[in-house]
Structure formats: C-alpha cells, structure tokens
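Residue strings, one per chain:
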Amino acid sequence: MAVTDHVDLNQFMEGVKKRNPHQPEFVQAVQEVAQDIFEFMEDKVRYHEAQILRRIAEPDRIVSFRVCWEDDNHNIRVQRGWRVQNNNAIGPYKGGIRFHPSVNESVLKFLAFEQTFKNSLTGLPMGGGKGGANFNPKGKSDAEVMRFCQSFMTELYRHIGPETDVPAGDIGVGGREIGYMFGQYKRITGRWEGVLTGKALEYGGSKMRPEATGYGAVYFLRNMLKHRGEDIDGQTAVISGSGNVATHAAEKIVQMGGKVLTLSDSDGFIHDPDGIDQNKIDWVKDLKNVRRGRISEYCDHFTSATYHGNGARPWNVAADLALPCATQNELDEDDAKALVANGCKAVSEGANMPTTLAGVKVFHDAKILYAPGKAANAGGVAVSGLEMSQNSERISWNHERLGEMLTELMEGIHEKCVEYGDEGAKNGGYVDYVKGANIAGFKKVADAMLAFGVV
Ligand code: NDP
Ligand code: 2IT
C-alpha cells in the first residue's frame, strides 16, 4: 500500500498547473479528462496507487529542435520544431504534424495528450503523439514549403519509425507536405517503410484516408442522432473551417441529405442559404488545395452567399447541427449559448478541442447531443492505423472495404462512449459522450500500464 493518501481532483489539477506554467491549452485538456477519470477511479485504488493519470499527463518525452531553411529571396529563416511522444503503452506513438504560427509546446502537448485517449478509443494498437512547427505555410511557394519540410525531417527522422512513432497530417500539413517529408525520410535512411500516414496512393497511401476524419465525424453524428431516433436527412448544418476535415464533413452531410450553410477560415465565414452542394464543395477543395486561396473568394463565385469578415465565426447562424472543424477554442460559451438558443440539437467536433470548457457546460446543461473531438474525429487516425497495417502487409484494400471499416470503427467508438457515458435514470437517459470517451479511452491505456509495472 502507498503510504500517502490519494490526491483529490483539485490537488491533482493544482499540481498540473504548477508543473505546466503558461500552458493553458494543455491544462484545459487535462482538466477535461481528469474530472471524469477521478469520478471513475473513486473505487479503483489500483489506478491511484500506480499514479496512472499523473503518468499519462507527463509526456514520455518532448523533442524540440531548430529548423533552418532558405526562402526564395535567400533569407535564412529559423523555426522551432517539436515532437511530443506522450504515451506508447498500447502501440507506437501516432499522431499528426501541425504547421501553423500558433504552434507551441502547450498546443502540441494538449494534442498529444488527447491523441492518447482518441487512439485508444479506435481499438487499434496506437499510442499518442503529436508534432509540428511554428511555420506558416500560407503565402509560401512550393519550393519554400519543400525546403522547410526537408529541413524539418532532417532532424525528425531520427526520432520516428514504423515501430516507434508514425506521424501524419494536421493543420497546414496535407498531401503536399507529407510527400516532401516522406521523400526526405527515404533519402536519409535509404528505407521505404510506413513511417508516415496520409501518403498519396502512388507511394503507399490508403484509400479513404483523406475523407476519413470528416466522414467519420458525420458517421458519429448520425450514430448519436440514431440513438435518439433521429436522422441527418433534411437537417441544416453549420460547419467551421474549409480544410481537409471541414470539406469532407460537408460532403458527407450533403450525401446524407443534409444542407450545409457555412464554411470558414481564420479571416471569416461564408453563409450560403441555398446550401453548399457537392459542386460548391469541389470548388472549395480546389480553392484550398490547388489555388491556395481564401474562403472570401467563394462569394465572388457563388452570389447566393454572404461573407462575414474580421475573424467572424459561423455559430450565430441558426441550424440543427454544428460541426466545428477548424481549430481549438473556436467555440466559446457565448457561441454555445447562441447555438442552443437557435435550436441546435447536436454538435460533432471534427477539430481537436474546438469548444471551451464553459461552452461544453452549456451543451451539457441544455442536454443537446455533444461529441468531443477525441471520439468524433477519430476516424482519421483510425484509417491511418489501417494504412499502417496495409503498409506492413504490402497490400492495399479497396475503397468500399475501407469505407465499411471506417463505418464500423465509428460505430464501435459510439458504442464505447454510450457504455461508459450513459447516465441512465440518473440524468434522464442523457449520454455524456465526453465522460464515455474519457473513461473508455483511459481504461485500455491504464490497464496496459498496470501490466508493465513502474516504467
Ligand atoms: P487544414 O489545414 O486542412 O484546415 C484548417 C482549417 O481551419 C482552415 O480552414 C484554416 O483556415 C482553419 N483554421 C486554422 N487555424 C485557425 C485559427 N486559428 N482560427 C480560425 N480558423 C483556423 O487542417 P485540417 O482540416 O486537417 O484540421 C482541422 C482540425 O481538425 C484541426 O483541429 C485538426 O487538429 C483536426 N483534425 C484533423 C485530422 C486530419 O486527419 N487532418 C484528424 C483529426 C482532427 P486558414 O486557412 O485561415 O488557416
Ligand atoms: O488529430 C488527429 O487525429 C490527426 N491529425 C490525425 C492523426 C493521424 O495519425 O492520422
């Protein structure tokens, strides 16, 4: 038996805050998990004694490095890169790479922490990690992005590998960046191996991976609605973001008979009351991936839409469904109140931690369906897990099979959330999907850690 009494939630969080000063995103992510896990652990002394949550909330390691590159005007530029390897109890570290000027250690630690629970929820053998750099790809030429990616990989390659740590894309890192990074890894090591996911089909990528996060978030939304005897058909949706996750979420909503009203970027949002159909979504994909333009250009092309600038967000537009698919803390308490007041009945997070803690409370108090990112957006990393399997088996599955697997994986995650989050008679049959995701994600990692002893 341990000689000290177990700390309570408040003491635990005080410690987290003290050990992680100036890291508000990381503290927020730990707080959101800890409140549920402390309740779950109340009668489970073994988790307390082994300090499991304390250990998961302390990354296994953080690698930080300088990334030098030369811009097109021959200026030498210096960026900071990181890889946060949070926990590998149930599989190799796995998680995306983010290139954005807002990237810092707090952001990457929160993402790696969340990823640990998300990856556990998929049921596949993947630990949690995240990486990135404070590099802004916006306005850079392809050659500049290539030189940056090569320089970034020249340090990162020594910390990753198909059995140790397998990065992928995230904000600012899509097919182009993965290609440059994979090419540099292969050049340095002389090995072709499944060290990154999100690769193009020509060199080992998986079908369905580009669609998986957005589609998965909509499958999760459908599962929640179905649990209440409802459907997506005929419902309106507000979506933020206009990148990989947002455009594929929009596509699946449209395929299921819903009407998408908004998309956004960091400068503002567009509102199209006629609905953003497949033709318009294809135009946005080309705008973002090929022409690398801004969402405001949508209104020059589709005159049914209006543009709302100055960083405005779409949450005041009335809709049945909301899918935040841009970035962390993009939906605050007032935004949540506006959604609820306008009759929103379900929220599914394509982004990671897009809703503030106060915003989440608004959704829970109003008892509307609310799926946290770690459950709702897990389809992306799940298909990354399938890409890893295909690479090691030297095979590739077809689109249809992968689509079925994604649907089943999202159903499995929904079932786990209901198993641990259904408050039953206590709360009028309301499912707390945050609690369900946190406990189900935690349990698998925690039990693996218990098996290993003190390591
Ligand atoms: P993209 O880079 O493809 O798109 C990001 C979108 O979000 C852009 O429209 C971008 O606008 C907007 N955005 C980024 N930062 C901000 C900001 N600070 N404020 C407002 N808008 C912003 O990234 P993804 O679509 O891949 O990622 C979106 C979210 O989904 C992220 O939270 C990511 O972590 C999460 N996610 C992604 C997965 C994936 O497989 N790609 C998997 C699971 C989660 P702008 O062009 O102005 O920057
Ligand atoms: O946040 C995420 O889950 C991702 N960016 C995808 C990670 C992955 O390894 O596919």
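Residues numbered from 1 in each chain as written. Chains lettered and ligands numbered in written order. Predicted model: local features only at pLDDT ≥ 70, side-chain atom pairs only at ≥ 80, totals over all residues. Heavy atoms only, no water.

**Q** I'd like a description of the packing of aromatic side chains, backed by residues and values.
**A** Tallied over the entire structure, the rule returns 21 aromatic pairs. The interplanar angle of 75 degrees and the centroid separation of 5.5 Å between the aromatic rings of tyrosine 47 and phenylalanine 442 together place this pair among those described as edge-to-face. In this pair, tyrosine 47 is assigned in helix H3 (residues 45-49) and phenylalanine 442 in helix H17 (residues 433-452), connecting sequence segments 395 residues apart. The same class applies to tyrosine 47 as to phenylalanine 442, namely buried. Geometrically, the ring pair formed by phenylalanine 135 and phenylalanine 148 is stacked, given 3.9 Å between the ring centres and 5 degrees between the ring planes. (Phe/Tyr/Trp six-rings, centres within 6.5 Å; stacked < 30°, edge-to-face > 60°. Helix = DSSP H or I, 4+ residues; strand = E, 2+ residues; numbered from the N terminus. Buried < 20%, exposed > 50% of the residue type's maximum accessible area, 1.4 Å probe, protein only.)

**Q** Could you give an account of the packing of helix H16 (residues 399-421) against H17, naming the residues involved and the relevant values?
**A** Two elements in contact, H16 and H17, have axes separated by 7 Å at closest approach and are oriented at 100 degrees. Overall, the two elements H16 and H17 adopt an arrangement that is roughly perpendicular. In this structure, H16 contributes His414, Lys416, Cys417, Val418, Tyr420 and Gly421 to the contact, and H17 contributes Tyr433, Lys435, Gly436, Ala437, Ile439, Ala440 and Lys443. Among the residues forming the contact of H16 with H17, the class breakdown is 7 nonpolar, 3 polar and 3 charged. (Axes fitted to C-alpha atoms, helices over the stretch in contact; angles between N-to-C directions. Parallel < 35°, antiparallel > 145°, perpendicular 65-115°, else oblique. Contact = heavy atoms within 4.5 Å. Nonpolar A, V, L, I, M, F, W, Y, C, P; charged D, E, K, R; others polar.)

**Q** Report on the site of ligand 2, specifying residues and quantitative values.
**A** Not every one of the 14 residues close to ligand 2 is listed here, only the nearest: Lys94, Lys118, Lys130, Asp170 and Ser384. Lysine 94 is positioned such that a nitrogen or oxygen atom in its side chain is 2.6 Å from an oxygen atom of ligand 2. The separation between an oxygen atom of ligand 2 and a polar side-chain atom of arginine 209 is 3.0 Å. Its free accessible area being 300 Å², ligand 2 has 94% of it covered by the protein chains. For the shell around ligand 2, the secondary structure elements donating two or more residues are strand E3 (93-99), helix H5 (105-122) and helix H15 (378-393). (Near = heavy atom within 4 Å. Polar contact = N/O pair within 3.5 Å; in protein donor to acceptor, adjacent residues only side chain to side chain. Areas by Shrake-Rupley, 256 points an atom, 1.4 Å probe, with all protein chains shown as cover.)

**Q** Can you explain the site of ligand 1? Please cite residues and give values.
**A** In the region of ligand 1, 26 residues are neighbours, and Asp170, Thr213, Ser266, Arg294 and Asn352 sit closest. Contact between ligand 1 and valine 245: an oxygen atom at 3.0 Å from a main-chain N or O atom of the residue. For ligand 1, the accessible surface in isolation is 880 Å², of which the surrounding protein chains cover 85%. Secondary-structure elements contributing two or more residues to the shell around ligand 1 are helix H8 (209-227), helix H9 (244-255) and strand E7 (259-265). Here the residues of the shell around ligand 1 are counted per class, giving 5 nonpolar, 13 polar and 8 charged.

**Q** Would you mind going over unusual backbone geometry in detail, with residue names and values included?
**A** One non-glycine residue with positive phi stands out, namely asparagine 310, at about 55 degrees. Along the polypeptide, asparagine 310 turns up in the loop between strand E9 (306-308) and strand E10 (321-323). For methionine 353, which is not a glycine, the phi torsion comes out positive at approximately 50 degrees. You can see methionine 353 is positioned in the loop between strand E11 (346-348) and helix H13 (357-365). What makes methionine 353 buried here is its relative accessible area of 5%.

**Q** Quick one: what's the story with the environment of alanine 375, residue by residue and with numbers?
**A** Mapped onto the elements, alanine 375 comes out in helix H14 (residues 373-376). By relative accessible area, alanine 375 is classed as buried at 0%. For alanine 375, the contacting residues outside a window of four places in its chain are Leu121, Phe220, Met410, Ile413, Cys417 and Ala437.

**Q** For the pattern of salt bridges, give the residues involved together with the corresponding values.
**A** All chains considered together, the criterion is met by 30 salt bridges. Note that arginine 147 and aspartate 72 form a salt bridge whose closest N and O atoms lie 2.7 Å from each other. One end of the pair, arginine 147, is in helix H6 (residues 142-156); the other, aspartate 72, is in the loop between strand E1 (61-70) and strand E2 (76-87), and 75 residues separate them in sequence. Classification of aspartate 72 as partly exposed rests on a relative accessible area of 38%. (Salt bridge = Lys/Arg side-chain N within 4 Å of Asp/Glu carboxyl O.)

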